[in-house]
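# A closer look at the structure
Listed below, chain by chain, are the residues.
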There are 2 protein chains.
Amino acid sequence: MRIGIDLGGTFIKGGIVNDANEIVVKKAVPTEVKKGPAGVIENMLGLVGALLDEMQGGAASLQGIGIGSPGTVDDHTGRVLYSNNFNWENVDLAGAFTQRFGCAVKVSNDANCAALGEMLSDKEKSGSAVLLTLGTGVGSGIISGGKLYPGDNPGGAELGHMVIRSGGRLCSCGRRGCLESYASATALIESAREAAALYPDSELAILADKNDLNGKTITDAVRKGDSGAITVFDAYLDALGEGIVNVINIFRPDVIYLGGGVCESFDLMEDKLNAFAEKYAFGGDKALVARIKKASGGNDAGIIGAAGLLL
Amino acid sequence: MRIGIDLGGTFIKGGIVNDANEIVVKKAVPTEVKKGPAGVIENMLGLVGALLDEMQGGAASLQGIGIGSPGTVDDHTGRVLYSNNFNWENVDLAGAFTQRFGCAVKVSNDANCAALGEMLSDKEKSGSAVLLTLGTGVGSGIISGGKLYPGDNPGGAELGHMVIRSGGRLCSCGRRGCLESYASATALIESAREAAALYPDSELAILADKNDLNGKTITDAVRKGDSGAITVFDAYLDALGEGIVNVINIFRPDVIYLGGGVCESFDLMEDKLNAFAEKYAFGGDKALVARIKKASGGNDAGIIGAAGLLL
C-alpha cells in the first residue's frame, strides 16, 4: 500500500492507494497556509498518521508516501523550491516525511501528479499523455515512456507558460502571450468581458453587468446561441488548439487530457479541438495525432498520481 | 566500433566512430535522390562497405550502424515514414542494413542525431540539451536524461513547428506563426526583404536590389551599424528568444545548442539571447536557465550522433 497526498490551498487530501491504483481510504484536513511551512507539514504528517491508523497491517505495510505540491518542486530532492501561492521557499517536504515515517518519499508538482493519476486511472492504458488543466491558470503534466516527465531540471513541464502569441496578453509569469493567458478559465472570462464591452446586446454584456461572468455562464450562453459568447468561445478554442498542436508536435503523446472547470463543457470543445489538431498537427495523417479526452479530474487523480510517484 | 551515417540531400556522409565518440575514418558519396529509395539505399550500403574495409578487425568488430535521415522516422522500427525532400514514404532503412550486415541498426531523424552528436562531442558533459538548427527551416533535437527523446510517437520533437505567433506568417507545415517561420535563416531573409521595402535608405535595400540578402550579408550590415539591419536582426532574436524560453519552460535542459548558418554570427546573438532567457524563463532566478551555446556543427555531429543511437 502507498499513501498519496494532494497538498491544496484549502485542504490537504490524502488516500491509501492499492496496487490496482485505487483509493481504499480517503481523508482530508485543512491546509492552514497561514501557519507557514512547519504548520502545514505538521497537518500533513497528522493526515498520514490518521491514514496509517486505518491501513491493513499498519505502518509495516507502507511502501512509501507520494506528495503533490503546488509550486516549483525539485523531484530529485523532494524540496519545494518555490511556491508563490504558499509563499514558500526551499521547503524540505521529503525530509520531514522520511524523518517521521522512515519510508520512501517522493514529491512532485501537483499538476504532474494529476497527469500521472489520470494515466493510471484510465482504462485505456497509454504510455504517453499530456494533461492540461484549464483553471485559474493552465497547469500541465507530461507522461512520457510510461513515466512522469517533470523536466530535466526543476521548473520544467510548464506548458501553460509556452508563448503562443508573442507580444500578446500579459501573463502572471511576466511574459506576454503565454498559453495560460488565453486558455485558462481566467482568460476566457477576460475575453468575455472584453466582448461584453464591444457587443452591448450580447448575453455577455448582461452577465458582465451582473458581475456573473464565469466558465459556466459563458458556456451556457454559447448553448443558448448567443453570438457574442460563441465568438469568444471559438477564439478560446482556437488558442487552446494552438497550444494542443504545439504539444502534439513536441511530445506526440497518445492522449491529451483536458481538465479544470471549463471542461464541464467538454461536449462543446471535443469535436472542434480534435478537428483543429487533425488539421494542423505536423505531418498530417502521416503521424499519430493524439486523442483529446476529458480528464476524469477531481481529487482522486491527484492522490493516485502522488502515490504513483513511488511506482 | 560503430558506424554513423548522415543521410543528406546531396551527400551521404559516414564515419567509423570509436568508444570515445570520435570519428576515426570518414567518407562520403553522392546521395542521388533521383534514383529513389532503392538507389539511395544501395549508395548507403556501398558507403558502409567502404568504411568496413578500413575498420580494424573488419566487420567482426562492428557493433552496429546508426543512421540519421531527413523526414519523419519511426525510431522503433527504423522506417522513414515520410520525407518531403526525398519524396519517400514508408522506407524500411533499418531492414535493408540489417539484412546486408546482420548487425544492430538504429535510425532517427537527422536533427535528432545532430543533437545527440553535439552532446556526445561537448567536453562539458550534460545530460540534457536541446539543439535548434537555424537553416532553411528550424530543425531540432532533444536530449533528456542523457538520451535522445524523439517524441513518444513518430513526428515529435518538432520544435520548429511550435507556434509562437498564432495567426502570423504562413509556415511550410500549413500553420501560421511557427517558430520556423520567424527563426529560420529563410525567415531572417524574408524579414530583411520586407524591411528593405520599408527603409529604402537601408543597406538592406541595396542588398535586396543586388538580390544578395542572406544570413551573412544581413549580419554584416548589422556589424556596420545599419539601423534597418539592426532592427530586423533584433526582431529575429526576439522571436528566437521566445522559442528558446518556451523550450526552457518545457524541458529545462542544461544547455541549448544553436546551429546552422545564422550562427556564424553567434557573437551577435549570444548575450542578447542569454539575457532574454534569464529575463523571461518561468521561475526567474529560482530555477535553472539553460546556457545558450553555439553548436560545434558540421557533419561530424550528425555522424557521431547517428553512431550514438547505438549507445
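This text follows the structure it describes.
Notes on the structure in this doc start here. (Residues numbered from 1 in each chain as written. Chains lettered and ligands numbered in written order. Predicted model: local features only at pLDDT ≥ 70, side-chain atom pairs only at ≥ 80, totals over all residues. Heavy atoms only, no water.)

Residue and element names in this part refer to chain A. The mixed open sheet is built from five strands, whose spatial order is β11-β10-β9-β12-β13. Two strands in the sheet have a free side with no partner beyond their single neighbour: β11 (147-148) and β13 (291-294). Examined bridge by bridge, strand β10 (residues 138-144) and β11 share two bridges and lie antiparallel to one another. Pairing of Ile143 across the sheet is with Leu148, part of β11. Here helix α3 (residues 110-121) sits on the sheet and contacts β9 (129-134), β10, β11 and β12 (255-259); the angle it forms with β10, its principal contact strand, is near 50°. (Pairing = 2+ DSSP bridges. Helix = DSSP H or I, 4+ residues; strand = E, 2+ residues; numbered from the N terminus. Contact = heavy atoms within 4.5 Å. Axes fitted to C-alpha atoms, helices over the stretch in contact; angles between N-to-C directions.)

Here we come to the interface of chain B and chain A. Counting residues at the interface gives 43 residues for chain B and 43 residues for chain A. Counting the surface lost from both chain B and chain A, the interface buries some 3500 Å², and carbon and sulfur atoms represent 51% of this. Considering only the surface of chain B that becomes buried against chain A, B:Arg175, B:Ile250 and B:Phe282 emerge as the three largest contributors, covering 19% of it. For the pair chain B and chain A, the number of links is two salt bridges. Notably, a salt bridge pairs A:Arg175 with B:Glu242, separated by 2.7 Å at the nearest N-O pair. Viewed at the interface, chain A and chain B are joined by 36 residue pairs in polar contact (both at pLDDT 80 or more). For the side of chain B that touches chain A, the element with the most residues is helix α8 (residues 227-251) of chain B, which contributes six residues. Among the residues forming the side of chain B that touches chain A, the class breakdown is 18 nonpolar, 15 polar and ten charged. (Buried area = accessible area lost by both parts, 1.4 Å probe. Salt bridge = Lys/Arg side-chain N within 4 Å of Asp/Glu carboxyl O. Polar contact = N/O pair within 3.5 Å; in protein donor to acceptor, adjacent residues only side chain to side chain. Nonpolar A, V, L, I, M, F, W, Y, C, P; charged D, E, K, R; others polar.)

Its place among the elements puts A:Lys272 in helix α9 (residues 270-280). Remark: the alpha-carbon pair of A:Lys272 and A:Lys294, spanning 22 residues in sequence, is separated by 14 Å.

Residues and elements named next belong to chain B. Residue position: Ile230 is located in helix α8. Look at Ile230 and you get partly exposed, because its relative accessible area is 31%. Taking the C-alpha atoms as reference points, Ile230 and Thr219, separated by eleven residues in sequence, lie 8.4 Å from one another. For Ile230, the contacting residues outside a window of four places in its chain are Val222 and Gly225. (Buried < 20%, exposed > 50% of the residue type's maximum accessible area, 1.4 Å probe, protein only.)

With that settled, consider the side chain of A:Asn18. Mapped onto the secondary structure, A:Asn18 falls in the loop between β2 (11-17) and β3 (23-30). When neighbours within four sequence positions are excluded, A:Asn18 is seen to be in contact with A:Met1, A:Arg2 and A:Val24.

All names here are of chain A. Both β2 and β3 contribute to a ladder of seven bridges, which runs antiparallel. Among the inter-strand pairings, Phe11 is bridged to a residue of β3, identified as Pro30. The turn linking β2 back onto β3 is made up of five residues, and Asn21 within it adopts a positive phi angle of 60°.

This part takes up α3(A). Residues and elements named next belong to chain A. Over its twelve residues, α3 extends 16 Å from the first C-alpha to the last, a length consistent with the 16 Å expected when each residue adds 1.5 Å. Across the twelve residues that make up α3, a large majority, ten, are buried. Backbone nitrogen of Ala111 and a side-chain oxygen of the N-cap are separated by 2.8 Å at the start of α3; the cap is Asn109. (Expected span 1.5 Å × (residues − 1).)

So, about the pattern of salt bridges. Residues and elements named next belong to chain A. Applying the stated criterion across every chain, the model contains 34 salt bridges over all chains. Residues Arg169 and Glu194 are paired through a salt bridge, measuring 3.5 Å at the closest nitrogen-oxygen approach. With a gap of 25 residues between them, Arg169 in the loop between β11 and α4 (180-183) and Glu194 in helix α5 (residues 185-198) connect regions that are remote in the sequence. Connected via shared salt-bridge partners are Asp122, Glu124, Arg291 and Lys293.

Residue and element names in this part refer to chain A. Following both chains from N to C, one finds α5 and helix α8 (residues 227-251) inclined at 145°, their axes separated by 10 Å at the closest point. Between α5 and α8 lies a crossing of right-handed hand. Residue-level contacts link Leu188, Ser191, Ala192 and Ala195 of α5 to Val232, Phe233 and Tyr236 of α8. Split into classes, the residues belonging to the contact of α5 with α8 amount to six nonpolar, one polar and no charged. (Left-handed = near helix turned anticlockwise from the far one by under 90°.)

Time to look at the relation of the copies chain B and chain A. After a rotation of 180° and a shift along the axis of 0.0 Å, chain B superposes on chain A with an RMSD of 0.0 Å. The superposition of one copy onto the other is thereby described by a two-fold rotation axis. A high fraction, 100%, of the interface residues of chain B reappear at the interface in chain A, so the copies pair face to face through one surface. (Least-squares fit on C-alpha atoms with pLDDT ≥ 70 in both.)

Residue and element names in this part refer to chain A. Across the sheet, which stays open at both edges, the five strands sit in the order β3-β2-β1-β4-β8 with mixed pairing between neighbours. Edge strands, defined here as strands with exactly one partner in the open sheet, are β3 and β8 (105-109). Each neighbouring strand pair of the sheet contributes to a mean axis angle of 15°, computed without reference to strand direction. Inspection of the sheet shows strand β1 (residues 2-7) paired to β2 by six bridges, in the antiparallel sense. In the strand pairing of β2, Ile3 is matched with Ile16. Along the sheet, α3 contacts β1, β4 (64-69) and β8; its crossing angle with β8, the most-contacted strand, is approximately 105°.

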